[in-house]
Amino acid sequence: MLVDHLGRKIEYLRISVTDRCNFKCIYCFTHQNWKWLPHKEILRFEEIEKIATVFAKLGGKRIRLTGGEPLLRRNIEFLVQKLSQIAGITDLSLTTNGFFLENLGESLKKAGLKRINISLDTLNKEKFEKLTGVSAFEKVLKGIDIALELGFNPVKINTVVIRGFNDDEILEIAKLTLEKPVEVRFIEFMPIGKNNLWDEKHVVTVKEIKKILENFSKLIPESSFGGGPAKVFKWKDAKGKIGLISPVSEHFCHKCNRLRITADGRLRPCLFSDNEINLKPILRENRGTLEEAFFLALKIKPVKHNLNFTLKPMRAIGG
Ligand code: SAM
Ligand code: SF4
């Protein structure tokens, strides 16, 4: 079992399969002059499978594929299939901007993917284009419906709330749960990468969000699939749930159960710390073992984050 120096049990690995993305979300696409990683730097599927297998052997149970946009990675369903067959991995999930779900949803389901998170920050078409730089609002909405039709369960919707941008839509977005069996998760805007937009003033705290939701109707506490940092609620008679995630106003580092692998093969113990362990010499030059790297990560995992801007943008770390 993987237990870190503070007794935190680590069973969740988030793997970024690419730093590339077809969207340019204003809160994520920072570092305008950030160069895409060269292809040879990006982990190959066999390498990801090796890492995941060792993680499972050491007691890891849950894996999430992310990016960048993970569905941009060619033949991603092959990787999903491989990972879904690893003994000990009981939960395999993926975070996506939803753009390619119309084409890939079915093959991902067949490959063994069980659940999916889709990002959606606005219900306004023009705002969507301003936020992402892409005219794809309807396509993403369709992606959400397709995910539900295909039986992914749960389907979660990630919404980053930014004051002055989409805080006026909190209630409307949450009301999706009245009609659809989705879990809408409101996430506080985090200072990742050199983000000129980030400012404490732009952060809408979970406390504020909760108040808006409670004013509409009483929130009933609920359980969430897989535990995790979200506090989960439900409105009476709603089909779906609402999750509130507070990395900025109320950190949850004491119960952090995760490690990350960046697209270029670095084991990253904390989202907010650029202290990483390079796995490529292990994978490509036989220098050391993946087990040793995981144990080192447990030793250096920070006690808590201090909300420093990270050097890398979110899409290079893997959100
Ligand atoms: N491209 C996929 C997507 O958008 O879902 C997966 C990668 S994206 C980096 C993963 C998640 O990180 C998304 O839900 C996104 O909203 C979130 N994210 C990115 N930058 C963020 C920030 N500065 N604060 C909070 N969440 C952020
Ligand atoms: Fe791309 Fe996801 Fe970042 Fe948006 S949040 S730019 S979709 S990686």
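Here goes a summary of the coordinates provided.

Calculation rules
- Residues numbered from 1 in each chain as written.
- Chains lettered and ligands numbered in written order.
- Predicted model: local features only at pLDDT ≥ 70, side-chain atom pairs only at ≥ 80, totals over all residues.
- Heavy atoms only, no water.
- Near = heavy atom within 4 Å.
- Polar contact = N/O pair within 3.5 Å; in protein donor to acceptor, adjacent residues only side chain to side chain.
- Areas by Shrake-Rupley, 256 points an atom, 1.4 Å probe, with all protein chains shown as cover.
- Helix = DSSP H or I, 4+ residues; strand = E, 2+ residues; numbered from the N terminus.
- Pairing = 2+ DSSP bridges.
- Contact = heavy atoms within 4.5 Å.
- Axes fitted to C-alpha atoms, helices over the stretch in contact; angles between N-to-C directions.
- Salt bridge = Lys/Arg side-chain N within 4 Å of Asp/Glu carboxyl O.
- Buried < 20%, exposed > 50% of the residue type's maximum accessible area, 1.4 Å probe, protein only.
- Nonpolar A, V, L, I, M, F, W, Y, C, P; charged D, E, K, R; others polar.
- Arc of directions from axis to C-beta.

1. Describing the site of ligand 1
The environment of ligand 1 is formed by 17 residues, the closest being Gly 68, Thr 96, Ser 119, Asn 158 and Met 190. Contact distances for ligand 1 include 3.1 Å between an oxygen atom and a backbone N or O atom of Thr 96. Contact with the protein chains removes 96% of the 550 Å² of surface that ligand 1 exposes when unbound. Looking at the shell around ligand 1, the elements that each hand over two or more residues are β3 (91-96) and β5 (155-161).

2. Notes on the sheet that holds strand β9 (residues 241-245)
Strand order in the open sheet made by the 12 strands is β7-β8-β9-β6-β5-β4-β3-β2-β1-β10-β11-β12, with mixed pairing throughout. The open sheet is flanked by β7 (219-221) and β12 (277-278), the only strands paired with a single partner. Bridge analysis of strand β4 (residues 115-119) against β5 gives 4 bridges, and the strand direction is parallel. Paired with Ile 118 across the bridge in β5 is Ile 157. Seen against the sheet, helix α1 (residues 45-57) touches β1 (12-16), β2 (62-66) and β10 (258-261) and runs at an angle of roughly 175° to β1. Lying over the sheet, helix α8 (residues 206-216) contacts β5, β6 (182-188), β7, β8 (231-235) and β9, oriented at roughly 155° with respect to β9.

3. What about the pattern of salt bridges?
If the charged atoms of two oppositely charged side chains come close together, the side chains can form a pair. Using the criterion set out here, one finds 24 salt bridges in the structure. The shortest N-O distance in the salt bridge between Lys 127 and Glu 169 comes to 2.8 Å. Taken together, the residues Lys 127 in helix α4 (residues 125-132) and Glu 169 in the loop between β5 and α6 (170-174) connect sequence positions 42 residues apart. The two residues Lys 127 and Glu 169 agree in class, both being buried. Here Lys 180 and Asp 145 are joined by a salt bridge, their closest N and O atoms 2.8 Å apart. Of this pair, Lys 180 sits in the loop between α7 (176-179) and β6 while Asp 145 sits in helix α5 (residues 137-149), and the two are 35 residues apart along the sequence. A relative accessible area of 24% means that Lys 180 is categorised as partly exposed.

4. Some words on unusual backbone geometry
Most of the time, phi is negative for any residue but glycine, and the peptide bond is trans. A cis amide bond links Asn 153 to the next residue, Pro 154, at an omega of 0°. Mapped onto the elements of the fold, Pro 154 is located in the loop between α5 and β5. Positive phi values are uncommon outside glycine, yet Asn 75 reaches one of about 60°. Of note in this structure, Asn 286 is not a glycine but carries a positive phi near 60°. With respect to the element layout, Asn 286 can be found in the loop between α9 (280-285) and α10 (290-300).

5. Overview of the site of ligand 2
What surrounds ligand 2 is the set Cys 21, Phe 23, Cys 25, Tyr 27, Cys 28, Gly 68, Asn 97 and Arg 315. Of the residues assigned to the shell around ligand 2, the class counts are 5 nonpolar, 2 polar and 1 charged.

6. Describing helix α2 (residues 76-84)
Along an α-helix, a turn takes 3.6 residues, which lines up residues three or four apart on a common side. Taken together, the buried positions of α2 are occupied by Ile 76, Glu 77, Leu 79, Val 80 and Leu 83. Buried residues of α2 fall within an arc of 155° about the axis and therefore sit on the same side. Where α2 is buried, its residues contact α1, β2, β3 and α3 (101-111).

7. Observations concerning α3
What α3 keeps buried is the set Leu 101, Leu 104, Gly 105, Leu 108 and Ala 111. Looking down the long axis of α3, one finds its buried residues gathered within 135° of arc, a one-sided arrangement. Opposite its buried face, α3 presents the exposed residues Asn 103 and Lys 110, each directed more than 90 degrees away. Once α3 finishes, Gly 112 follows within two positions and takes phi at roughly 115°, a positive value.

Just geometry here; none of it tells us what the structure is for.
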